Structure formats: structure tokens, C-alpha cells
Amino acid sequence: MFEKLNKAVLLSFGEQVGSNSGLFTAIVDFEEVSGKLGGFKKDYTKLELVAADDAVASLTIGSQVTVRGKTYRVADKLDDGGGMVRIPLTDPVSGSAPENTDWTDI
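Let us look at the structure shown here. Since this is a predicted model, take the numbers as computed values, not measurements. Every chain is numbered independently, its residues counted from 1 as its sequence is written. Since the coordinates come from a predicted model, pLDDT governs what is reported: local features require at least 70, and pairs of side-chain atoms require 80 or more to be given and counted, while whole-chain, interface and lining totals use all residues. Here the side-chain values reflect all heavy atoms present in the structure, with hydrogen atoms and water set aside.

Further remarks concern unusual backbone geometry. Positive phi values are uncommon outside glycine, yet arginine 68 reaches one of about 50°. Examined against the element boundaries, arginine 68 turns out to sit in the loop between strand E4 (64–67) and strand E5 (70–74). Comment: elements are numbered from the N terminus, with helices defined as DSSP H or I runs of at least four residues and strands as E runs of at least two.

What follows is the structure, encoded as C-alpha cells:
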């Protein structure tokens, strides 16, 4: 049941993302996170992908992906147990989160 729903959601809202293994469809998500930075409360934005687990099986932490013409690295792969995977991304050079977000401070 969830597999058909997941495919419909990806078809409706997904976009093409490149990797060393080829193209796959993912939803590009900018998750809002609240946390502290230097003792001050701050809201953060982190870039992540949501994709079908079988489409990203070959991606590993540190793999490069291209989203909307920019290159990022895979920071983690978080399986939801229902056939989908959330993939937080980091800056390929600095290793920190896109938008100057450092998730380790959260």
C-alpha cells in the first residue's frame, strides 16, 4: 500500500537528482530546525532529499549528489521503514550543512 503512495508522491513532487550511480527522483526538502548557536536560539534550514530506498541503495555517506545544478555530499541515510529514505546533505568542501548550518550544534 505505501509503495504505491510513495511512487505517486515522488511522481508528483519529485525532481531529478544526479549521482555517480546515475539519476534518481527525489523530493528536495528544506527542513526547519530550531536549536542553539553560541548560546542563542536560532532557526536553521537544512537541505535533504526524500527518495525511494531502492533508488538510492548504492548511495553511501560521503557520496556526491547534484541537486538543482549544485553539488552536495550525503551526510546520512535515514530509512523510514516504509520504503523511503531521508538523505541530509552537506556542503562538499566544508562538510558543513548547506546554508551555513552546523547540525552538530543542534
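Text resumes after the structure shown.
Moving on: the pattern of salt bridges. Within this document, salt bridges are pairs made up of a side-chain nitrogen of Lys or Arg and a carboxyl oxygen of Asp or Glu, the two lying within 4 Å of each other. Tallied over the entire structure, the rule returns two salt bridges. Residues glutamate 15 and arginine 68 are paired through a salt bridge, measuring 3.0 Å at the closest nitrogen-oxygen approach. Placement of glutamate 15 in strand E1 (residues 15–19) and of arginine 68 in the loop between E4 and E5 is noted, with a sequence separation of 53 residues between them. The classification of residues rests on relative accessible area computed with a 1.4 Å probe and restricted to protein chains. Under 20% of the type maximum is buried, over 50% is exposed, and intermediate values are partly exposed. Judged by its relative accessible area of 25%, glutamate 15 is partly exposed. A relative accessible area of 53% means that arginine 68 is categorised as exposed.

What follows covers the side chain of serine 63. Its location among the elements puts serine 63 in the loop between strand E3 (40–52) and E4. Note on serine 63: relative accessible area 15%, which makes it buried. Whether two residues are in contact is decided by their heavy atoms: any pair within 4.5 Å suffices. Once residues within four sequence positions are removed from consideration, serine 63 is found in contact with Tyr72, Arg73 and Val74.

The subject of this paragraph is the environment of serine 19. Note that serine 19 resides in strand E1. Taking the relative accessible area as the measure of exposure, serine 19 reaches 16% and is therefore buried. Each C-alpha atom of the pair serine 19 and arginine 73 lies 9.8 Å from the other, and the pair is 54 residues apart in sequence. When near neighbours in sequence (up to four residues on either side) are disregarded, serine 19 contacts Phe24, Leu59, Gln64 and Val65. Two N or O atoms form a polar contact when they lie within 3.5 Å of each other; inside protein one atom must be a possible hydrogen donor and the other a possible acceptor, and for residues adjacent in sequence the pair counts only when both atoms belong to side chains. Only 3.0 Å separates the side chain of serine 19 from the backbone oxygen of glycine 22, close enough to count as a polar contact.

Moving on, we come to the pairing of strand E7 (residues 84–90). Along E7, six of the seven residues are buried, which leaves the element largely enclosed by surrounding structure. Examined bridge by bridge, E5 and E7 share two bridges and lie antiparallel to one another. Within the sheet, the bridge partner assigned to arginine 73 lies in E7 and is threonine 90. Think of it this way: DSSP has to see at least two bridges between two strands before they count as a pair. With two bridges connecting them, strand E6 (residues 78–79) and E7 associate as antiparallel partners. Each bridged residue has a counterpart across the sheet, and for leucine 78 the counterpart in E7 is arginine 86. From the end of E6 to the start of E7, which pair antiparallel, there are four residues, and glycine 81 there has a positive phi angle of about 80°.

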